[in-house]
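Take a look at the letters that make up each chain.
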Amino acid sequence: YISYAFFLLLPLFALILKLIYIRRRHNFMRHLVFSIHIHSFIFMVMTFIIGLNLLFKNIPGAISAVLILSIPIYIIIAIKKFYGQSLGKVVLKFFALSFIYNIVFFTVILLASLDAINLL
């Protein structure tokens, strides 16, 4: 169920982007492609971290921390390049986007988990 949840989150992330960047007049498909781009990057970083942990049993937490911290930095840079706004606006909108998306993300994951263990 978690894989279906992640697939569902792609258009939800694009919808949140559409709402946050409503004045930009991008159509929904551009936001969706950008959403796929961001989720692909996150998937690659997480796959790399898991691969390192499988190959090296005691990999330092600093390596994982740097890789995880690269995600928000990459997202901020990608938003700045894609939407062409100043860094201040991008960071502010990134925090709004992250807050809303995390609420949606944890709700979807919780519902998928509860459904998986037959509590729904």
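These figures come from a predicted structure and were not determined experimentally.

**Quick notes on the overall build of the protein**
Thinking step 1. When you go through the protein residue by residue, the secondary structure sums to 4 helices and 0 strands.
Thinking step 2. The secondary structure elements of the protein, listed N-terminal to C-terminal, are α-α-α-α.
Thinking step 3. By its C-alpha atoms, the protein is 45 × 40 × 20 Å across when sized along the principal axes.
Thinking step 4. In the protein, which comprises 120 residues, the share counted as buried stands at 32%.
Thinking step 5. Sequence separation of at least 24 residues holds for 61% of the intrachain contacts in the protein that already meet a minimum separation of 6.
Thinking step 6. As presented, the protein carries roughly 8200 Å² of accessible surface, and 76% of it is formed by carbon and sulfur atoms.

**Re the nonpolar core**
Thinking step 1. Among the nonpolar cores identified, the biggest contains 28 residues, and Leu17, Phe34, Ile79 and Leu97 are the most heavily contacted of them.
Thinking step 2. Looking at this core, the elements with two or more residues in it are helix 1 (2-20), helix 2 (28-55), helix 3 (61-83) and helix 4 (87-116).
Thinking step 3. Other than its neighbours up to four places away in sequence, Leu17 contacts His31, Phe34, Tyr83 and Leu97.

**Some thoughts on the side chain of His26**
Thinking step 1. Looking at the secondary structure, you find His26 in the loop between helix 1 and helix 2.
Thinking step 2. For His26, a relative accessible area of 14% puts it in the buried group.
Thinking step 3. Aside from chain neighbours lying at most four places away, what touches His26 is Lys18, His31 and Tyr83.

Basis of the calculations
- Residues numbered from 1 in each chain as written.
- Predicted model: local features only at pLDDT ≥ 70, side-chain atom pairs only at ≥ 80, totals over all residues.
- Heavy atoms only, no water.
- Helix = DSSP H or I, 4+ residues; strand = E, 2+ residues; numbered from the N terminus.
- Buried < 20%, exposed > 50% of the residue type's maximum accessible area, 1.4 Å probe, protein only.
- Contact = heavy atoms within 4.5 Å.
- Areas by Shrake-Rupley, 256 points an atom, 1.4 Å probe, with all protein chains shown as cover.
- Core = buried A, V, L, I, M, F, W, Y, C linked by side-chain atoms within 4.5 Å.

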